Amino acid sequence: MTNLQFIEELDFLLNEVFYYTRQDGMIVSGTMSKDYDKAYKIYSNLIKGGEKSQEKVLYEVLIPSN
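Residues numbered from 1 in each chain as written. Predicted model: local features only at pLDDT ≥ 70, side-chain atom pairs only at ≥ 80, totals over all residues. Heavy atoms only, no water.

Peer 1: Help me understand a nonpolar patch on the surface in this model?
Peer 2: Taken together, Leu10, Phe12 and Val17 make up a surface patch of nonpolar side chains, about 310 Å² in accessible area. For Val17, the position within the fold is in strand E2 (residues 16–23). (Patch = residues over 30% accessible without salt bridge, like charges linked within 9 Å, V, L, I, M, F, W, Y side chains within 5 Å. Areas by Shrake-Rupley, 256 points an atom, 1.4 Å probe, with all protein chains shown as cover. Salt bridge = Lys/Arg side-chain N within 4 Å of Asp/Glu carboxyl O. Helix = DSSP H or I, 4+ residues; strand = E, 2+ residues; numbered from the N terminus.)

Here it is, written out as structure tokens:
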């Protein structure tokens, strides 16, 4: 079972509020925002099973071992 939490955090050093999604105790990359609505939209997409990100390999180098 996956645990998704929508978090509001007050950063005392910056004196600003941030919103983000935490999955199983870890912050989900790309979900942090100062804007509640934007962060909540991302959270809503994740709880509906949406993809977190898309990646592709741009370059790859294979170095033979000696």
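After that view of the structure, there is still more to cover.
Peer 1: Any chance you could explain helix H1 (residues 36–47) here in plain terms?
Peer 2: Turn by turn, an α-helix covers 3.6 residues, leaving residues three or four places apart pointing in a common direction. With twelve residues, H1 extends 16 Å from end C-alpha to end C-alpha; this agrees with the ideal 16 Å at 1.5 Å per step. For H1, the full list of buried residues reads Ala39, Tyr43, Ser44 and Leu46. Taken end-on, H1 shows its buried residues confined to a sector of 160 degrees, consistent with a single buried face. Along H1, exposed side chains directed more than 90 degrees from the buried face belong to Asp37, Lys38 and Lys41. Close packing links the buried residues of H1 with strand E1 (4–11) and E2. At the N-terminal end of H1, a side-chain oxygen is found 3.0 Å from the backbone nitrogen of Asp37, two or three residues along, and the residue is Asp35. Just downstream of H1, Gly49 is the residue with a positive phi angle, here 95 degrees. (Expected span 1.5 Å × (residues − 1). Buried < 20%, exposed > 50% of the residue type's maximum accessible area, 1.4 Å probe, protein only. Arc of directions from axis to C-beta. Contact = heavy atoms within 4.5 Å. Polar contact = N/O pair within 3.5 Å; in protein donor to acceptor, adjacent residues only side chain to side chain.)

Peer 1: Help me understand the packing of aromatic side chains, please; the structure alone is not making it clear to me.
Peer 2: Working definition: an aromatic ring pair is given by the centre-to-centre distance plus the angle between the planes. In this structure the tally under the stated criterion is seven aromatic pairs. Centroid distance Phe6 to Tyr36: 5.4 Å. Interplanar angle 85 degrees. Geometry classified as edge-to-face. In this pair, Phe6 sits in strand E1 while Tyr36 sits in helix H1, placing the two residues 30 residues apart along the sequence. Ring geometry for Phe6 and Tyr40: centres 5.2 Å apart, planes at 85 degrees, overall edge-to-face. Placement of the pair is Phe6 in strand E1 and Tyr40 in helix H1, with a sequence separation of 34 residues. Since its relative accessible area comes to 22%, Phe6 is described here as partly exposed. Here a set of aromatic residues connected by ring pairs shows up, and it is made of Phe6, Tyr19, Tyr36, Tyr40 and Tyr43. (Phe/Tyr/Trp six-rings, centres within 6.5 Å; stacked < 30°, edge-to-face > 60°.)

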